[in-house]
Amino acid sequence: MSYTALSQHFQQQYHLQHIAAICGWDQATMMPAGGSQARAEAMSTLAVLSHQQLQDPRLADWFAAAESSTNTEQALTAEQKVSLQAMQRQWRDATMLPSDLVGAFSLAGSRCEHAWRSLRPANDWAGFLPLFEEVLNLSRQVAAARAEVLGLSRYDSLLEQFEPGMRTATLDSLFDGVKQWLPSLITEVQAKQTGDRVLQPQGFFATAQQKALGLEVMQLLGFDFNHGRLDVSVHPFCGGVSEDVRLTTRYDEQDVAQALMGVIHETGHARYEQGLPAQWRSLPVGQARSMGVHESQSLFFEMQLARHPAFIAKLAPMLVQQFGEQPAFSADNLSKL
């Protein structure tokens, strides 16, 4: 019964995460500018409520009982044992931080992001800096609290949230190796491309047509529109939950590639989310744990699939259908862009 109680508790947590994700999507896409302060405060309150639910004192007893279940009727399956570990991880992360810090961090992040949207067009760094400094200050407090509990450096304690088990020592070793061979590879590629004649797409690319193209490409890539949608934001992102994935792009009517590649990249994230195991998606074990894996899927779509000759052969006529014939839309030329 303790595992059942835990499952129900963490399913409620998933519902709160869903609400928070849609509030964040709306904040970035639909919300009027005048609603920013009220939305920031509402999302901060929601973050605190979610955090407090994860600090429910009953959880410790439930975890202890679930771990000690030994009789045939209560013994956990192998899958449930892994699920229990994932729930314990989420619980452990919540108990590291006080609720007031969680609320302050959420509020500062929302305020900072809204300011970034409004100050970015004027490149107003001076106006943005105080809000950004507050986010950094609170991030350091979060890192210090996590580091004390985990026995890690502050940076590694933050890294543990997004890439469990990864440490800066491993990353330093990895990138030290990359720094040895990457410069020469770049030089080699540049030399090989010197003689290539590459045509840039020319013309006015209306937003409505770019969106139609993006939707067609998403369909080609297997996106499930019954469980997701495409919108516009200042910076592309993918959010929501598996059953309700929200992705965005941004349009430049002088540059068709920017929005298109943004759509393809975010579709990679979205397809990963939509492909998570349905029977587990409302529990921590069925949700994405690794930022590296998540980003690998979006970059796989953008850098591998979108540049494969078979994909380009399908993309070329789509571009022509939306914007008319031009030499830059030939499959051969698109493969060089």
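Now for a look at the structure at hand. All values reported here derive from a predicted model rather than from experimental measurement.

## Examining the overall build of the chain
When its secondary structure is counted, the chain shows 13 helices and 3 strands. A principal-axis box enclosing the C-alpha atoms of the chain has dimensions of 70 × 50 × 45 Å. In the chain, the share of contacts with a sequence separation of at least 24, taken over all contacts with a separation of at least 6, comes to 68%. Only carbon and sulfur atoms are counted for the fraction: they give 56% of the accessible area of the chain, which is about 18,400 Å². Taking the average place of the 25 positive charges on the side chains of the chain and the average place of its 35 negative ones, the gap between the two points comes to 2 Å.

## Some points on the nonpolar core
The nonpolar side chains of a soluble globular protein tend to be buried with one another. Leu213, Val217, Ile264, Phe311, Leu315, Leu319 and Phe323 are the most contacted members of the largest nonpolar core, which totals 18 residues. When contributions to this core are tallied by element, the ones reaching two or more residues are helix H9 (207-220), helix H10 (256-274) and helix H12 (309-323). The element contributing the most residues to this core is H12, with 7 residues. With 14 residues, the next largest nonpolar core counts Ala5, Leu6, Trp62 and Leu283 among its residues.

## Digging into a nonpolar patch on the surface
A surface patch of nonpolar side chains, amounting to about 410 Å² of accessible area, comprises Trp181, Leu182, Leu185, Ile186 and Val189. Tracing the sequence through the fold places Leu185 in helix H8 (residues 168-193). Owing to a relative accessible area of 36%, Leu185 belongs among the partly exposed residues under this scheme.

## Remarks on the sheet that holds strand E2 (residues 238-241)
If you trace the 3 strands from one edge of the open sheet to the other, you get E1-E3-E2, paired in mixed fashion. Each edge of the sheet is formed by a strand with only one pairing partner; in this case those strands are strand E1 (228-232) and E2. Strand-to-strand twist across the sheet, computed as the mean angle between neighbouring axes with direction ignored, equals 20°. Here E1 runs beside strand E3 (residues 244-249); their pairing, made up of 5 bridges, is parallel. From the neighbouring strand, Gly228 faces E3, where its bridge partner is Val245. Against the sheet, H10 touches E1, E2 and E3, its axis set at about 165° to E3.

## Notes on the side chain of Asp56
For Asp56, the location among the structural elements is in the loop between helix H2 (36-54) and helix H3 (58-67). Judged by its relative accessible area of 14%, Asp56 falls in the buried class. Polar side-chain contacts of Asp56 include one of 2.8 Å to the side chain of Arg58.

## Comments concerning the packing of helix H1 (residues 2-29) against helix H4 (residues 78-95)
Taken N-terminus to C-terminus, the directions of H1 and H4 make an angle of 55°; their axes are 11 Å apart at the nearest point. Taken together, the axes of H1 and H4 lie oblique to each other. Crossing of H1 over H4 shows left-handed handedness. Taking contact as the criterion, the partners of Tyr3, Leu6, Ser7, Phe10, Gln13 and Gln17 in H1 are, on H4, Gln80, Ser83, Leu84, Met87, Gln90 and Trp91. Along the lines of polarity and charge, the residues of the contact of H1 with H4 split into 6 nonpolar, 6 polar and no charged.

## Some thoughts on unusual backbone geometry
Here Asn123, not a glycine, exhibits a phi torsion of approximately 55°, which is positive. By the secondary structure assignment, Asn123 is in the loop between helix H5 (99-119) and helix H6 (125-150). Asn123 sits in the exposed class, given a relative accessible area of 67%.

## Focus: helix H11 (residues 291-304)
With 14 residues, H11 should reach 20 Å at 1.5 Å per residue; the first-to-last C-alpha distance of 19 Å fits that figure. All of the buried residues in H11 are His294, Ser298, Phe301 and Glu302. You can read the cap of H11 off the contacts: a side-chain oxygen lies 3.2 Å from the backbone nitrogen of Gly292, and it is on Ser290.

## Some remarks on the pattern of salt bridges
Inspection of the entire model under this criterion finds 11 salt bridges. With its nearest N and O atoms 2.8 Å apart, the salt bridge here joins Asp56 to Arg58. Here Asp332 ties to Lys336 by a salt bridge, and the two come within 3.5 Å at their closest N and O atoms. Classification of Lys336 as partly exposed rests on a relative accessible area of 34%. Each member of the salt-bridge network shares a partner with another, and the members are Arg89, Glu160 and Arg167.

## Some thoughts on the packing of aromatic side chains
Scanning all chains against the criterion turns up 8 aromatic pairs. Ring geometry for Phe223 versus Phe225: centroids 4.9 Å apart, planes at 75°, classification edge-to-face. Classification of Phe223 as buried rests on a relative accessible area of 5%. Ring plane angle 75° and centroid distance 6.2 Å describe the contact between Phe300 and Phe301, whose orientation is recorded as edge-to-face. Connected via pairs of aromatic rings, a cluster forms that spans Phe10, Phe63 and Trp91. The ring of Trp25 carries Arg246 above its face, with NZ or CZ at 4.3 Å from the centroid.

The rules we used
Residues numbered from 1 in each chain as written. Predicted model: local features only at pLDDT ≥ 70, side-chain atom pairs only at ≥ 80, totals over all residues. Heavy atoms only, no water. Helix = DSSP H or I, 4+ residues; strand = E, 2+ residues; numbered from the N terminus. Contact = heavy atoms within 4.5 Å. Areas by Shrake-Rupley, 256 points an atom, 1.4 Å probe, with all protein chains shown as cover. Lys, Arg positive; Asp, Glu negative; His and termini not counted. Charge placed at Lys NZ, Arg CZ, Asp CG, Glu CD. Core = buried A, V, L, I, M, F, W, Y, C linked by side-chain atoms within 4.5 Å. Buried < 20%, exposed > 50% of the residue type's maximum accessible area, 1.4 Å probe, protein only. Patch = residues over 30% accessible without salt bridge, like charges linked within 9 Å, V, L, I, M, F, W, Y side chains within 5 Å. Salt bridge = Lys/Arg side-chain N within 4 Å of Asp/Glu carboxyl O. Pairing = 2+ DSSP bridges. Axes fitted to C-alpha atoms, helices over the stretch in contact; angles between N-to-C directions. Polar contact = N/O pair within 3.5 Å; in protein donor to acceptor, adjacent residues only side chain to side chain. Parallel < 35°, antiparallel > 145°, perpendicular 65-115°, else oblique. Left-handed = near helix turned anticlockwise from the far one by under 90°. Nonpolar A, V, L, I, M, F, W, Y, C, P; charged D, E, K, R; others polar. Expected span 1.5 Å × (residues − 1). Phe/Tyr/Trp six-rings, centres within 6.5 Å; stacked < 30°, edge-to-face > 60°. Lys NZ or Arg CZ within 6 Å of the ring centre and 35° of its normal.

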